[in-house]
Amino acid sequence: MGIIVWCVLFAIVIFFAFVATRMAAQNKEDGLHDTGLAIIEFGRAFPNEAIRQLQATENGQAIFVRLHDNKAGLMRNMARHFSCHLIVPGRVRVVSSETGRGLAIEFLDAPGHNGKFEFASPKEASEVALWLLGNYIAEPDKDLPAGHISAANKQ
């Protein structure tokens, strides 16, 4: 009788170990490769923002979002949920990665989202950098000082 109890307990432990490893593998594989899911989730977080374009990272763990008014956003897979972040103009620092296919990004308002993001090609990384550079300068800083005439505007 004692050996049967031990066999049942051993089988239960093996079952839980199997389930735990499958769940961990599923969480690792889950990403934002489904752009439809990204559109829905970002739309829930920011219902008043119109999405123009999406660009996923190579591993699918993050998607950068270009919005209608030249703003940008970020959606990341945070293990058990998706985190959406609207990038505030002038509150992001961008540096190219060593590989040339990625960006090292520092979000001044949301340091939890800082990191290196690798893309499938340098073209995709440069496109996202351009979106972020549109946010790099705050609106008041875009206006030229009064009385300043650039060489291109001289008649």
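Please read all numbers here as calculations on a predicted model, not as lab measurements.

1. A look at the sheet that holds strand β6 (residues 102-107)
Read from one edge to the other, the open sheet built from three strands follows the order β5-β6-β7, with strand pairing classed as antiparallel. Lying at the two open borders of the sheet, with one neighbouring strand each, are β5 (92-96) and β7 (115-118). Between one strand axis and the next, the sheet turns through 25 degrees on average, direction left out of account. Bridge count between β6 and β7: four bridges; the pairing is antiparallel. Bridge assignment links Leu103 to a residue of β7, and that residue is Phe117.

2. Some details on the confidence of the model for the protein
Mean pLDDT over the protein stands at 80; residues scoring 70 or higher make up 79%. Looking across the protein, the model is least confident in helix α4 (residues 139-142), with a mean pLDDT of 56, and most confident in β7, with 92.

3. Description of the side chain of Gln55
Here Gln55 shows up in strand β1 (residues 51-56). Of the polar contacts made by the side chain of Gln55, one reaches the side chain of Glu124; its length is 3.2 Å. Beyond its immediate chain neighbours, meaning those up to four positions away, Gln55 contacts Ala62, Ile63, Phe64, Phe119, Glu124, Val128 and Trp131.

4. Describing the packing of aromatic side chains
According to the stated counting rule, one finds four aromatic pairs in the structure shown. Ring geometry for Phe42 against Phe46: centres 5.1 Å apart, planes inclined by 45 degrees, an arrangement best described as tilted. An aromatic cluster is defined as three or more aromatic residues linked by ring pairs; in this entry it consists of Phe64, Phe117 and Phe119.

5. Things to note about the pairing of strand β3 (residues 72-77)
Counting buried positions over the six residues of β3 gives six, a clear majority of the element. Residues Ala72, Leu74 and Arg76 line one face of β3 and the alternating positions Gly73, Met75 and Asn77 line the opposite face, and both faces are buried. As consecutive antiparallel partners, strand β2 (residues 62-67) and β3 are separated by four residues, and within that stretch Asn70 has a phi angle of approximately 60 degrees, a positive value. Pairing of β3 with strand β4 (residues 82-87) involves six bridges; the strand directions are antiparallel. In the strand pairing of β4, Ala72 is matched with Ile87. Hairpin geometry of β3 and β4 is characterised by an intervening segment of four residues between the two adjacent antiparallel strands and by a positive phi of about 70 degrees at Ala79.

Rules used in this analysis
Residues numbered from 1 in each chain as written. Predicted model: local features only at pLDDT ≥ 70, side-chain atom pairs only at ≥ 80, totals over all residues. Heavy atoms only, no water. Pairing = 2+ DSSP bridges. Helix = DSSP H or I, 4+ residues; strand = E, 2+ residues; numbered from the N terminus. Axes fitted to C-alpha atoms, helices over the stretch in contact; angles between N-to-C directions. pLDDT = per-residue confidence, 0-100. Polar contact = N/O pair within 3.5 Å; in protein donor to acceptor, adjacent residues only side chain to side chain. Contact = heavy atoms within 4.5 Å. Phe/Tyr/Trp six-rings, centres within 6.5 Å; stacked < 30°, edge-to-face > 60°. Buried < 20%, exposed > 50% of the residue type's maximum accessible area, 1.4 Å probe, protein only.

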